[in-house]
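Working through the structure, step by step
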Amino acid sequence: MDVILKEVMLLNNEKLQAWLEKAKSALNLFTHKKTVKSARITYQVVWNLFLLILTVVIIGGSFAAGVGAGYFASLVKDEPVRSYESMKKDIYNYTETSELYFSNNVYLGKLRTDLEREEVTVDQVSKDLINAVVATEDEYFYKHNGVVPKAVFRAVFQEVSNSSVQTGGSTLTQQLIKNQILTNEVSFQRKANEILLALRLEKFFDKKEILEAYLNVSTFGRNSSGRNIAGVQTAAKGIFGKKASELNLAQSAFIAGLPQSPFGYTPFTREGTIKNNLEPGLSRMKTVLKRMFDGGYINEKQYADASAYDITKDFIEPVANPLEKYPWLTVEIEKRAIETMTAVLAQKDGYTEKDLKNDDNLYYKYKTLANHNLHQNGYQIHTTIDKDIYDVMQQVKDNYKYYGADKPQEVEDPETGEKKTIMEPVEVGAELIENKTGKIISFVAGRDYNKQQLNHATSAYRPNASTMKPLLVYGPAVELGKAAPGTPLPNVELYLDPSRSKPWPRNYSGGYSGLVSARYALAKSYNVPAVKLYKDIVDQQPAKYLEKMGFTSLLKDDFTNLSAAIGSLGKGVTIEENTNAFSTFANNGKFIDAYLIDKIVDKNGMVIYQHEVKPVDVFKPQTAYITLDMMRDVIKMGTAAGINGKLNFKADWAGKTGTGNEYTDSWFVATNPNVTFGIWTGYDTPKSLQSKGVLSYSQRTNNLWAELMNAAYKIRPDLVAPKESFTMPEGIVKRSYCAVSGMLPSAACSKAGLIESDYFNVKDVPTKIDDSLIEGKFVTIGGKRYLALDSTPNEFAQFGLILNPDFITRMVGKNFKNTRQLIPERDRWGKILVPDAKMVDNGKKPNSVRLTASGNKLTWSAASDNDIVGYRVYQGNVFSTKVASVINGSSLSYNAGNGVYYVTAVDIAGNESAPSNLVEVGAAIPAPEKTEIPVTTP
């Protein structure tokens, strides 16, 4: 063993000695002068080579950096240098939906929009939601200066290499820039601009401001109404029915996960129903929770509890979209709000409404701006609509059973172009307006929005039929001093339109009633008197009064066309305009334009629009009251006489009915001291409203009017049923006049019993005495009255009054032939004749009659002639004596004493017939020897 150890040690010593020898040799090499010199040369070469390589690397790197910087500069060269104010305006310019309100600040809903948003401050957002967003979207948010370089390089590398894994490189700041300032375009230029602006934004704004903007900008899919939503407040309310500050951890995680794929993760469908497959959204929620746990925002227990939480039970039930519950109202508010805002924005830039009307391009520009403003800037739009009255009117309209029958209508299929027949229902439109302010309190737009979207109250133009009469005829005529309530008007067969071969106009009731007062003509809605009066004033263009009362659709022909007097306009008029015009009479002759938009308030609480009432003078107060008083009779005894019996309350109503040509439209408009309410019914494609049933078309319309007013009365009795009546202004007097002419009573008019009294404007009281009647005599033949001739025996003539021919000419013109139509068929007019009620003498004696006796009563037959005015009864056979004269038309009999009698007939010229046969009454009397008259004994 020892030998082995010594060998090993010897071997090791030898190896050690060899290594030492080599080391010594190497040392000699380095210390040798020649070797040292060679080493020094080698060192210098290597060092210079290193410096060269380093220089090349530095220069190459600098060149590459320069090229990169140059490329970056070229990408952002067109991006302007944005100021703090500019970036603040862009970042906080949220597209926030405007809110709609009924009157009295009652919330209605959001304005129609593709994206619904409600702004919120970061202090009003749950801490869990903030943490969830940061953990999910930007874990380095509180550390970076707008950009995370390694994330950007990673995203660029993945983009260049077309990697299947795309991790993204945008911070919250960059996402905010992309959403608010730039676009979603995928390009290096957009990315470069995004980076540049993100860095700049971080210098101007702190993290809290940036986060708040992001929370309001991001989109979150759909709410329970199926509407697109943006902003965490809108998401919280629209998905969970909570404010953003009230969300729990699981709810916060669910919402924070939505922006990555808003419509993939949202729990609601477009229709507002819950999706069948909620797994994508639930998985995304758990991913967000995991990132919150990994980021230290929640502990393990919170993570476990929130992950197991059943979020689906928190999804709220679908909330009715205001467009679904109030479709006509929502659309109408939007339309009017845009018009209002158009004027506001134009006025702000120095333009007037007249400028907008005269320049279509200018109008389009500001209307577009107005539309964008209302849909993006979160205004509050306050209206005049009373929610309770509006709601109850819709219920009454929906439940009413007497509209009339649906009727067939051929239409063209918009998709196929084929003709098909549908059943068209009777439509309805109505509007309630507060007189003194012009507020539109409520309206009924139609039967079913899903079938017909047209707002019949505000946008349907129809002939307003006889409701036009007080607006265009009687009101203006009173204003011009051409008529008063007692003014007589001819309701006779006239040819007022020379182009027609038949009499025109005609009365819907049929027939004619002679001379009638303007008051009575309006109450009974006679057409002929209205058109005749309108023709007398049309040269003074009474249609100008319609313009003052808000009629916007008048055409040139409407100013001269006589049929306008009975509502036949070229285009027609809306229910709102027609109803609004009637309120002029209730406002003492001042027109107050109806309005629906009361005020518009911006999101800072500043009122940018407030409606102002601007009365327009139309009629004198005296004219307004007199016309109102005439319209009271429409309801008391005229075409709307049944209305009061249908109402559950009393008020001082004045109104007018209307029926369109061929019964295509049915109207009723009435006003009281507080409100005016108008209604229309008809088919969208004009056709007769007449149909089988107990109720007539006018009764169906009037009854619905009454039911709607009764419903409104239950809600607001103080508004609908004022206790006070219309007040008569000064300047109106009541005076007597002759019903025939409307002039001051004459003695002849007094004898005829035709003196009446009514209201006049004190300035228009008649000053001339009646000249329409001439005293004279008349006879009755065949039940008709004729003027007596000079030779007509007085015993058969009666005192009467004759219409003055000059008066007739003034009333109906020279060519009117049937003057008898002027005399009303009423007892009080019984003694009035017309000058052409003449009978010409036929030039011969009348034929004799046959006389008989029964007891002491004589009777005789009527003469066969047609001009007999009466009969004479004689007693005696030789020296006879006239004992009686019997007027034609009376009973052909006479109660006689004892004796012999005969009878003769007398014509209008006084010619007397031969004696009838003799008859004896009582004791016999010997006949004379030379008599030619036969004697008949009873």
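Cut-off values and rules
- Residues numbered from 1 in each chain as written.
- Predicted model: local features only at pLDDT ≥ 70, side-chain atom pairs only at ≥ 80, totals over all residues.
- Heavy atoms only, no water.
- Pairing = 2+ DSSP bridges.
- Helix = DSSP H or I, 4+ residues; strand = E, 2+ residues; numbered from the N terminus.
- Contact = heavy atoms within 4.5 Å.
- Axes fitted to C-alpha atoms, helices over the stretch in contact; angles between N-to-C directions.
- pLDDT = per-residue confidence, 0-100.
- 1 Å grid on protein atoms, 1.4 Å probe; cavity = no way out; pocket = protein on both sides within 12 Å on 5 of 7 lines; lining within 4 Å.
- Points joined across faces, edges and corners; volume = space filled by probe spheres on them.
- Nonpolar A, V, L, I, M, F, W, Y, C, P; charged D, E, K, R; others polar.
- Core = buried A, V, L, I, M, F, W, Y, C linked by side-chain atoms within 4.5 Å.
- Buried < 20%, exposed > 50% of the residue type's maximum accessible area, 1.4 Å probe, protein only.
- Disulfide = S-S within 2.5 Å.
- Polar contact = N/O pair within 3.5 Å; in protein donor to acceptor, adjacent residues only side chain to side chain.

1. Focus on the pairing of strand 23 (residues 784-787)
Pairing of strand 22 (residues 773-781) with strand 23 involves four bridges; the strand directions are antiparallel. Residue pairing for strand 23: Phe 778 is matched across the bridge by Leu 787. Hairpin connection, strand 22 to strand 23: the antiparallel pair is bridged by two residues, and Gly 782 has positive phi, about 60 degrees.

2. Some details on the side chain of Thr 340
By secondary structure assignment, the location of Thr 340 is in helix 15 (residues 327-348). The contacts of Thr 340, once residues within four sequence positions are left out, are Ile 597, Ile 600 and Tyr 609.

3. Quick word on the sheet that holds strand 26 (residues 851-854)
If you trace the three strands from one edge of the open sheet to the other, you get 26-27-30, paired in antiparallel fashion. What marks the edges here is a single partner per strand, and that holds for strand 26 and strand 30 (893-895). Across the sheet, the axes of successive neighbouring strands diverge by a mean angle of 20 degrees, strand direction being ignored. The sheet contact formed by strand 27 (residues 857-860) and strand 30 spans three bridges and is antiparallel. Looking at the pairing, Leu 858 lines up with Tyr 894 of strand 30.

4. Some remarks on the confidence of the model for the protein
Across the protein, the average pLDDT comes to 87, with 85% of residues at 70 or higher. This stretch, residues 60-79, has a pLDDT under 50; its non-local contacts, to residues over four places away or in other chains, come to 14 contacts. For the stretch residues 183-187, pLDDT sits under 50, and the model shows five contacts to residues farther than four places along the chain or on other chains.

5. Examining empty space enclosed by the protein
Where empty space is left in the structure can be found by rolling a water-sized probe over the atoms. Counted by the stated rule, this structure contains one cavity of 30 Å³ or more. The space that makes up the largest cavity amounts to roughly 50 Å³. What lines the largest cavity is simply Tyr 400, Tyr 402, Tyr 403, Thr 681, Leu 689, Tyr 697, Arg 700 and Thr 701. Residue contributions to the lining of the largest cavity peak at three residues, all from helix 26 (residues 697-715). Per-class residue counts for the lining of the largest cavity are five nonpolar, two polar and one charged.

6. Considering the nonpolar core
Counting 120 residues, the largest nonpolar core has Tyr 474, Trp 705 and Leu 803 as its most contacted members. Counting residues in each nonpolar core, the second largest holds 55 residues, with Phe 220, Val 232, Phe 240 and Ala 253 among its members.

7. Quick word on the layout of surface pockets
Size it by volume and the largest pocket reaches roughly 1,800 Å³. Lining of the largest pocket is provided by 40 residues; of these, Glu 339, Thr 340, Glu 353, Asp 593 and Tyr 609 occupy positions nearest its centre. Elements with a minimum of two residues in the lining of the largest pocket: helix 15, helix 16 (353-358), helix 17 (360-376), helix 22 (543-548), helix 23 (575-586) and strand 15 (607-610). Partitioning the lining of the largest pocket into residue classes produces 15 nonpolar, eleven polar and 14 charged.

8. Structural notes on the state of the cysteines
Simply put, disulfide is the name for a covalent bond between the sulfur atoms of two cysteines. Following the criterion strictly, the structure yields one disulfide and no others. Two residues, Cys 738 and Cys 749, share a disulfide whose sulfurs are 2.2 Å apart. Disulfide Cys 738-Cys 749: the torsion about the S-S bond is 95 degrees, which places it as right-handed. In this pair, Cys 738 sits in strand 20 (residues 732-738) while Cys 749 sits in helix 28 (residues 747-752), placing the two residues eleven residues apart along the sequence. Assigned by exposure class, Cys 738 and Cys 749 land together as buried.

9. Quick word on the sheet that holds strand 14 (residues 597-601)
Pairing in this open sheet of five strands is mixed, and the strands run 2-1-6-14-15 from one edge to the other. The open sheet has two edge strands, strand 2 (107-110) and strand 15, and neither has a second partner. Neighbour-to-neighbour, the strand axes of this sheet turn through a mean angle of 15 degrees, independent of strand direction.

10. Some words on the environment of Tyr 326
By the secondary structure assignment, Tyr 326 is in the loop between helix 14 (322-325) and helix 15. Considered as a pair, Tyr 326 and Tyr 449 are 123 residues apart in the sequence and their alpha carbons are 9.5 Å apart. Residues contacting Tyr 326, with those up to four places away along its chain left out, are Phe 102, Leu 108, Lys 387, Tyr 390 and Asp 391. Looking at Tyr 326, its side chain comes within polar contact range of the side chain of Asp 391, at 2.8 Å.

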